[in-house]
Amino acid sequence: MPKECFAIGKRAVVCQDTEMKGEIDIGSGTVLHPQCKILAESGPIIIGSNNIIEENVTIINKQPTPLIIGDENVFEVGCYVEGSKIGNKNIIEAKARVLGNTSLGDNCVIGAVCSTKKDEAIPNNTVIYGDHHNRRTQTASGGVSFNK
Amino acid sequence: MSQQIDARQRSYVHYYCPCPDVSKSNNNTGEDEEEDIVESIPDFDVNSPRIHFSTFPISKLYFCDDCHQIRCPRCVQEEIVCYYCPNCLFEVPTASVKSERNRCARNCFQCPICQNTLTVVASTEPPPPQPSASSNSSASTTSGAPYYLSCGVCRWDSQEIGMTFEKATGLALQLQKTEDERPDVKEFDHLKDHFEKHLRLSAPSTTLPSSLLSIPGISSFSNRYGGGGFTHPQQKSDDVAKYNNTIKIENDDNLVHDLVQLKDVNQITTLTQRMNQLSDQPYKVERLQPQRIHLRTKRVKRCRSCRHILIKPEQKAQATRFKIKLVALNHIPKLTITSLPKLFLNQSTEIILKFSNPLYEEIIVDLALKKDETTETTEYAKIKLLAPHFNITPYNEVWEYDEQDFNISSKGRPSSTASAPKPDIGIYERRGNYTSVKIEITPLAEVDELKVRESTPTTKSLFFWTVIGLGPVVNPATVKPPAPTRSPLTNNNSNVAPTRTNIN
């Protein structure tokens, strides 16, 4: 029976109409849009700072170990996240699904309507896109560098 | 639940266009014409492979007012109105289409990995390390100078292959120089110079009307047969001097070596990626380059027999409306399946077909399975049409704005009252401008897809067959209903019930 306990950092915005259950820790600067669900059913969820969690997103933790989400991620509308660990600066696009025990590294992109398999560890900088779900390719480092 | 969705997705109503039946046209004239039309329609065998290319959903059909016939995409004649780029919607003048090789001459490129459109992005520079009191250090200034292309879907960018641009516009021009340096382009230019003199002497060019440009290759066709027919073939071969290659290309032995040592299939290009870069079709992913986007055309479609225009789009690329739009949806009744319960072996189920009337006049529909029969027993199923003859009230625009049920009041026969002169057997519902009828089906064999054929003639001489696919048949004797297997369509049994609708 998880106790209900929310710790919300400073400058975080948690809209009304969100559904939160269990032990949740929200970092500073994170924004939770209305109609999102953070359900720490079996274990706690720890969300880092400066994340954007848009409408209709479901973040569930069905395992006793805590689900740690890093900083500066974007969870777009309608996605479903059930992984074990999410790194930093990821973009999980609309209606994407992160299933089971998978862990995401940093700087990944899970394309719209795409899903990961259960129980895999996705390395950094992976992009999952396309009709057939699982086509992956590596990006360069974020596109900000002005190399050569 | 996914099974149910599969069955829904695989059920359809397709209309048959008789354009392949050219040889069976009726030659009789006179007062027997109507009967002849009805009888001389050939019997429709649903299991022939013809249904794969001759039947269409109603959304793809056109209707010719003059000939009073359905026209399908295969039997319309097309003429090109304009060429435009699907990305920037720029109308390319017909003269420069050929010189730009049917591709967009501006900034539109296609991602080599996923074939989506690329966007032009300015690369950002990290701010110079100055201690400034005003600005927040997280703001980075966009220098903008080296622009590059980036794909929003697969996150590829052209910096990976080292392709950057100085200006944000006119990218194709900036790439032109590198394109011209390619060995195959230089060799082709040499060849053209060599043969051009000879070509100009021997073959006078014929000008073709632009309407025929829709057929690819026709200009070379006419050149060969129109121009070259007069010169003696011996003379021709003597005139051409021997051509020497100017460019030497090394055989790439390293490629074979690399391919042999591949460990990961992701390092090789896929067939789609290779087919998009026909000039060199590389095996390695690093050698893929963004291609310019292909232009698209707007076409005018004409009826094949009377040359009446069926579809005429507007000239502007941004306009999606049509000046003339004679589509089948506005002229023939639309059949949809409203209720499709699961089909079990040897169990009779009722499906409900909805006929909706787009015209402003009432129509009378006569259904038949084949040649005026209302029941049919094939080896696959036993079909019974419960309502072979009914009418559909006309369309009224007022109904679109009002949410009440418009039960037919004075003119028709409301199905709820018992004082109707004829009992409405088999009619499930009559509302607005549509009528839903019931069809009883008893599947006799366990099949993957049950198809029903109906023919619908109208007394305005309109008759058509429809093929109704009903999805898989399940044997309830097994413990779990088997998942519908994706077997090829040739294996499917189809209940073909030709229904004829007579439209008065």
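The structure this text deals with has already been given above.
Please read these numbers as outputs of a predicted model, since none were measured by experiment.

Moving on to the overall build of chain B. Counting its secondary structure elements, chain B contains eleven helices and 25 strands. Burial statistics for chain B: of 504 residues in total, 38% are counted as buried. Pairs at least 24 residues apart make up 68% of the contacts formed inside chain B by residues separated by at least 6 positions.

Residue and element names in this part refer to chain A. Structurally, the position occupied by Glu 82 is in the loop between β12 (80-81) and β13 (85-86). For Glu 82, a relative accessible area of 13% gives the class buried. The spatial distance from the C-alpha of Glu 82 to the C-alpha of Thr 102 is 8.0 Å, given a sequence separation of 20 residues. Not counting chain neighbours up to four residues away, the residues in contact with Glu 82 comprise Ile 60, Lys 62, Gln 63, Val 98, Leu 99 and Gly 100.

Residues and elements named next belong to chain B. Within strand β9 (residues 147-151), five of the five residues are buried, leaving the element largely enclosed by the surrounding structure. Alternating residues of β9 divide into Tyr 147, Leu 149 and Cys 151 and Tyr 148 and Ser 150, and every residue in both groups is buried. In terms of strand pairing, strand β8 (residues 118-122) meets β9 through five bridges, oriented antiparallel. In the sheet register, Val 121 faces β9, and the bridge partner there is Tyr 148.

All names here are of chain B. Within helix α5 (residues 171-180), the full set of buried residues consists of Leu 171, Ala 172 and Leu 175. Take α5 and look down its axis: the buried residues cluster within an arc of 80 degrees, on one side only. Residues of α5 that are exposed and point more than 90 degrees away from the buried face comprise Leu 173 and Lys 177. Contacts from the buried residues of α5 go to β7 (109-110), β8, β9 and β10 (291-292).

We now examine a nonpolar patch on the surface. Taken together, the side chains of Leu271(B), Met275(B) and Leu278(B) define a hydrophobic patch exposed on the protein surface, amounting to about 320 Å² of accessible area. Mapped onto the elements of the fold, Met275(B) is located in helix α10 (residues 271-275).

This part is about the packing of aromatic side chains. Under the defined criterion, the tally for this structure stands at zero aromatic pairs over all chains. Its guanidinium or amino end placed over the ring of Tyr80(A), Arg97(A) lies 4.9 Å from that ring's centre, counting from NZ or CZ.

All names here are of chain A. As summarised here, the arrangement of the five strands in space is β3-β6-β9-β12-β15, forming an open sheet in which the pairing is parallel. Among the strands making up the open sheet, the edge pair consists of β3 (19-21) and β15 (97-98). By the bridge criterion, three bridges tie β3 to strand β6 (residues 37-39) in an arrangement that is parallel. Across the sheet, the residue bridging to Met 20 is Ile 38, located in β6.

Calculation notes
- For every chain, the first residue of its written sequence is number 1, and the numbers climb from 1 along that sequence.
- Here every chain gets a letter starting at A, and every ligand a number starting at 1, in the order they are written.
- Per-residue local features of the predicted model are confined to residues with pLDDT of at least 70, and side-chain atom pairs are confined, for both listing and counting, to 80 or more; whole-chain, interface and lining totals are unaffected and use all residues.
- As a rule here, side-chain values cover all heavy atoms of the structure and leave hydrogens and water aside.
- Helix and strand assignments come from DSSP, with helices taken as H or I runs of at least 4 residues and strands as E runs of at least 2, each series counted from the N terminus.
- The classification of residues rests on relative accessible area computed with a 1.4 Å probe and restricted to protein chains. Under 20% of the type maximum is buried, over 50% is exposed, and intermediate values are partly exposed.
- Between two residues, a contact is recorded if the distance between any of their heavy atoms is within 4.5 Å.
- Between any two strands, at least two bridges found by DSSP are needed for them to pair.
- The reported arc concerns the directions from the helix axis to the C-beta atoms and nothing else.
- The patches described consist of residues with a relative accessible area above 30% and no salt bridge, like charges being joined within 9 Å and nonpolar side chains (Val, Leu, Ile, Met, Phe, Trp, Tyr) within 5 Å.
- Using a 1.4 Å probe, accessible areas were evaluated by the Shrake-Rupley method; residue-level cover was limited to the displayed protein chains.
- Any Lys or Arg side-chain nitrogen located within 4 Å of an Asp or Glu carboxyl oxygen qualifies as a salt bridge.
- Put simply, two rings from Phe, Tyr or Trp (the six-membered ring, in Trp's case) pair if the centres are within 6.5 Å, and we call them stacked under 30 degrees between planes, edge-to-face over 60, tilted for the rest.
- Put simply, a charge is over a ring when the Lys NZ or the Arg CZ is close to the ring centre, within 6 Å, and near the line of the ring normal, within 35 degrees.

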